Amino acid sequence: MITSTDRIEKRVFLRAPRARVLRAIITPEEFGAWFRVKFDGAFAEGATVRGHITYPGYEHLTMEMVVERIEPERLFAYRWHPAAIDPKVDYSSEPMTLVEFHFEDAPGGTLLKIVESGFDRIPLARRPDAFRMNEGGWAEQAENIERYVTQA
Amino acid sequence: MSRRRRASAASVAEAAPVFAALGDATRLKLVARLSADGPLSITRLSEDAGVTRQAVTKHLEALAGAGLAQHSWRGRERIWELEPRRLEMARRCLDRISDQWDAALDRLKMFVERK
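What counts, and where the lines are drawn
Residues numbered from 1 in each chain as written. Chains lettered and ligands numbered in written order. Predicted model: local features only at pLDDT ≥ 70, side-chain atom pairs only at ≥ 80, totals over all residues. Helix = DSSP H or I, 4+ residues; strand = E, 2+ residues; numbered from the N terminus. Buried ≥ 20, exposed ≤ 12 C-beta atoms within 10 Å, placed from the backbone. Contact = placed C-beta atoms within 7 Å. Pairing = 2+ DSSP bridges. pLDDT = per-residue confidence, 0-100.

What chain A contains, in helices and strands, is three helices and eight strands. Taking all 152 residues of chain A together, the buried fraction comes to 28%. Taking all contacts inside chain A whose residues are at least 6 apart in sequence as the whole, residues at least 24 apart take part in 46%.

Pasting the structure below:
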């Protein structure tokens, strides 16, 4: 019955070449297109990039990510505050989770692995039940889409 | 596949100490042991914990503080068992963040495969 409470791991097969997938992750405009956020800067190691959420209903929110590592063709990693959705709360002193995108060639496409870790240090107590914690808006459009994702 | 989970902000708040209590290898081992073989005495739990009995006691008390374990007395010895509902709650919390990733990845999939 025990599973890790510290990390989330996802694997997804994408029917697109690795270069295409890479571009969708490491360029702010493309990342923002599928993640629904508009960034105000470029992704570079060590850079703090701010973004405005464009997801309908959550446009008043901003997010911040610190780019940790960009390994060409292999890895993109950043830190952020998970579910930091209350504009009145200053999250800057809280620990961040680490999000890693790992890219690998696979027959007919690309295997993408996503790992978000560090939850055991996060005071989820102060996170209201919204944005990433709110499954309503985010999960709804996923329902009729074929699911390729398997949980680790 | 529709997984509808409605948990209040209060339940998220309650999960926080659970995450903290589990952020330790020895405590995780104790939870796994209690899950498989519990209820167990401190003596039994100390046998293969790799740390002293005092340390085991301290870790068990930390788990109890987070509502993850509870004890009863058998004579002079405390018998420990898990309080599974709290663990379940912590897991639900992560499940919801996990659901957000599923949705985001579905959008990513549509995004890269249509171009």
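This brings us to the pairing of strand 7 (residues 109-117) of chain A. Residues and elements named next belong to chain A. Judged from the eight bridges that link them, strand 1 (residues 7-14) and strand 7 form a sheet pairing that is antiparallel. By the bridge assignment, L14 is partnered in strand 7 with T110. Taken together, the nine bridges between strand 6 (residues 97-106) and strand 7 define a ladder with antiparallel strand orientation. By the bridge assignment, D105 is partnered in strand 7 with T110. What sits between strand 6 and strand 7 in their antiparallel hairpin is a turn of two residues, with G108 showing a positive phi close to 80 degrees.

What follows concerns the confidence of the model for chain A. The predicted coordinates of low-pLDDT regions are not to be read in fine detail. Chain-level pLDDT for chain A is 76 on average; 74% of the residues reach the 70-or-more range. Contacts of residues 125-152 of chain A to residues separated by more than four positions or lying in other chains number 55 contacts, the stretch itself having pLDDT below 50.

Let's shift gears to the pairing of strand 5 (residues 75-80) of chain A. All names here are of chain A. One ladder, built from six bridges, connects strand 4 (residues 62-71) with strand 5; its direction is antiparallel. Paired with I70 across the strands is F76, a residue of strand 5. Counting the residues in the hairpin turn of strand 4 and strand 5 gives three residues, including E73, whose phi is positive at 75 degrees. Pairing geometry for strand 5 and strand 6, over six bridges, is antiparallel. Across the sheet, Y78 pairs through a bridge with V99, a residue of strand 6.

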